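# Summary of structural features
Listed below, chain by chain, are the residues.
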Amino acid sequence: GFVPHVIIDTGRNGVVDMRHDCKNWCNIRGAGVGLKPTTETADPEIIDAYFWLKTPGESDGCSQTLPDGMQCPRYDSDCGSEDSLGTRPNEPPAPEAGQWYDYQIKQLAANARLSPSSDVASASTANFMRLKSAVGMSAVNATLPSLSVNPFVGRSFYVNPVY
């Protein structure tokens, strides 16, 4: 029979319930980088890895108005949601998808949860247990260490020179 395996994208899931609406996906305000990429997962029988599928700091899409004041030719209305960075007067507009978004990476680093902490782990574990229950698998008892410092603080970030 079907034996599901998953890779969980943790590039922007370090903060639980940061969106007003779960359908909003573009440059989400309040997001943080999640667990570091690893194959050491809570349940290796189903979770193959935690991975950052998109480079933290790359824009998901542009605001209607670009940082240079021009109109974005590839504007997606999802990037204008109430949860999207660049939609409030005190936030800089978001650049086009794939471009470096300095404002966003600073937020992602400030809110980072690179290893499970008690609040994030308990919410993630509860969601994971519901998932396992839904697919008819037995529960997992996982205890993971917590992180006491944010390793992003004071580090420079790689910017893909193609962009």
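Just so you know, these numbers come straight off a predicted model, no measurement behind them.

It is worth spelling out the confidence of the model for the protein chain at this point. Predicted coordinates in regions of low pLDDT should not be interpreted in detail. Here the protein chain shows a mean pLDDT of 79. Residues at 70 or above account for 71%. Helix H2 (residues 118-134) is the least confidently modelled element of the protein chain, averaging 49 in pLDDT, while helix H1 (residues 102-110) averages 94, the highest of any element. In the predicted structure, residues 134-153 sits below a pLDDT of 50 and forms 30 contacts with residues beyond four places in sequence or in another chain. Confidence drops under pLDDT 50 across residues 155-163; counting only partners more than four residues distant or on other chains, this segment forms 10 contacts.

Right, let's talk about the nonpolar core for a bit. Nonpolar side chains tend toward joint burial in soluble globular proteins. Ile28, Ala31, Val33, Ile105, Leu108, Ala112 and Leu114 form the largest nonpolar core, which has seven residues in total. Discounting residues that sit within four places of it in the chain, Leu108 has contacts with Arg12, Ala31, Gly32, Val33, Pro56 and Gly57.

A separate point is unusual backbone geometry. Phi at Asp17 is positive, roughly 55°, even though this residue is not glycine. Here Asp17 is to be found in the loop between strand S1 (6-9) and strand S2 (47-51). On the accessibility criterion, Asp17 (72% relative accessible area) is exposed. The phi dihedral of Asn27 falls on the positive side, at around 45°, and the residue is not glycine. Among the secondary structure elements, Asn27 is positioned in the loop between S1 and S2. Judged by its relative accessible area of 1%, Asn27 is buried.

Cut-offs applied
Residues numbered from 1 in each chain as written. Predicted model: local features only at pLDDT ≥ 70, side-chain atom pairs only at ≥ 80, totals over all residues. Heavy atoms only, no water. pLDDT = per-residue confidence, 0-100. Helix = DSSP H or I, 4+ residues; strand = E, 2+ residues; numbered from the N terminus. Contact = heavy atoms within 4.5 Å. Core = buried A, V, L, I, M, F, W, Y, C linked by side-chain atoms within 4.5 Å. Buried < 20%, exposed > 50% of the residue type's maximum accessible area, 1.4 Å probe, protein only.

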